[in-house]
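# Descriptive structure summary
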Amino acid sequence: MFEDLKPHIADLRKRLVISCAVLFVAFFACFAVYEPILNWMMVPVEAVLPEGSKMVAIEVQETFFTALKVAFFSAFLVSLPVILWQMWLFLAPGLYDNEKKLVIPFVLGATIMFLIGASFAYYVVVPFGFEFLVNFGSTVVSVMPSIGKYVSFFTKLLFGFGLAFELPVFTFFLAIIGLVTDRTLKDFFKYAVVLIFVVSALLTPPDIITQFLMAGPLILLYGVSIYIAKVFNPADKDEEEEDLDEEEDIEEKEVEKSTK
């Protein structure tokens, strides 16, 4: 059994080495220009800081480690198409020939959706969220955010939104390999809504507006995912009819109980 896994392990190592090599090169390239990238990251919070307030470094090494975080996050964005490409090449041997041809739509779609999610966070969520956090209690204390903690929170928020917006792409992949159908997603919808709001509460600032700014698009994307699954792996009509019959039987039993 282990002998059968050796080719897959070797291929996985190859894909990881290529991805890490690209990420490594991109990291040093981004580290060389981290200052303009950091200035771009600070634009949303500087726009809502009270007059006279500014970003500060609380610890001596904070600026250096912040530069590393900025470089790594930027390198990840630059390397994302290559990482997705290597991921697909690793999974390709288990796909049919017609499915292997979908590599370019998969890589482009996943990259674009991640960037859309990150852009939505940067231009919509971050301004709302930080305006609430900065203005809350600003009449009592002077707001001078730590640059290190701000960058950590900023990158977490952008990464979270980028990953969340991959939902249609993830559904597309699961649909073409036959793991989900539109019926499966429809049945899971009410649970998905709860999970979406839980994830939104964990990833966004503690105000209800930014939570809805994340939950709303995700619910819409879930609806898009149902349509994608319907196109690439629709549920059998016989299964749908059986499900409908079961639902009707349950409703009839509930009506009978209520009338007794």
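Figured I'd write up the structure that's included with this text. (Residues numbered from 1 in each chain as written. Predicted model: local features only at pLDDT ≥ 70, side-chain atom pairs only at ≥ 80, totals over all residues. Heavy atoms only, no water.)

With that settled, consider the packing of aromatic side chains. Enumeration over the complete set of coordinates arrives at 22 aromatic pairs. Measuring from ring centre to ring centre gives 5.8 Å for Phe76 and Phe114, while their planes differ by 65 degrees; the resulting arrangement is edge-to-face. Placement of Phe76 in helix 3 (residues 62–91) and of Phe114 in helix 5 (residues 103–135) is noted, with a sequence separation of 38 residues between them. Under the relative-accessibility criterion, Phe114 is labelled buried at 2%. On the basis of an interplanar angle of 65 degrees and a centroid distance of 6.0 Å, the ring pair of Phe114 and Phe159 is categorised as edge-to-face. Taken together, the residues span a long stretch of sequence, with Phe114 in helix 5 and Phe159 in helix 6 (residues 147–164) at a distance of 45 residues. Taken together through their ring pairs, the aromatic side chains of Phe24, Phe27, Phe28, Phe31, Tyr34, Phe64 and Phe65 make up a single cluster. (Phe/Tyr/Trp six-rings, centres within 6.5 Å; stacked < 30°, edge-to-face > 60°. Helix = DSSP H or I, 4+ residues; strand = E, 2+ residues; numbered from the N terminus. Buried < 20%, exposed > 50% of the residue type's maximum accessible area, 1.4 Å probe, protein only.)

Next up on the list: helix 2 (residues 34–46). The end-to-end C-alpha separation of helix 2 is 18 Å, in line with the 18 Å expected for 13 residues at 1.5 Å each. By the burial criterion, the buried members of helix 2 are Tyr34, Ile37, Leu38, Met41, Met42, Pro44 and Val45. (Expected span 1.5 Å × (residues − 1).)

Relative to the helices and strands, Phe172 is located in helix 7 (residues 167–176). With a relative accessible area of 12%, Phe172 lands in the buried category. Between the C-alpha atoms of Phe172 and Asn233, which are 61 residues apart in sequence, the distance is 9.0 Å. Excluding anything up to four places from it in sequence, Phe172 contacts Leu102, Phe106, Ile228 and Phe232. (Contact = heavy atoms within 4.5 Å.)

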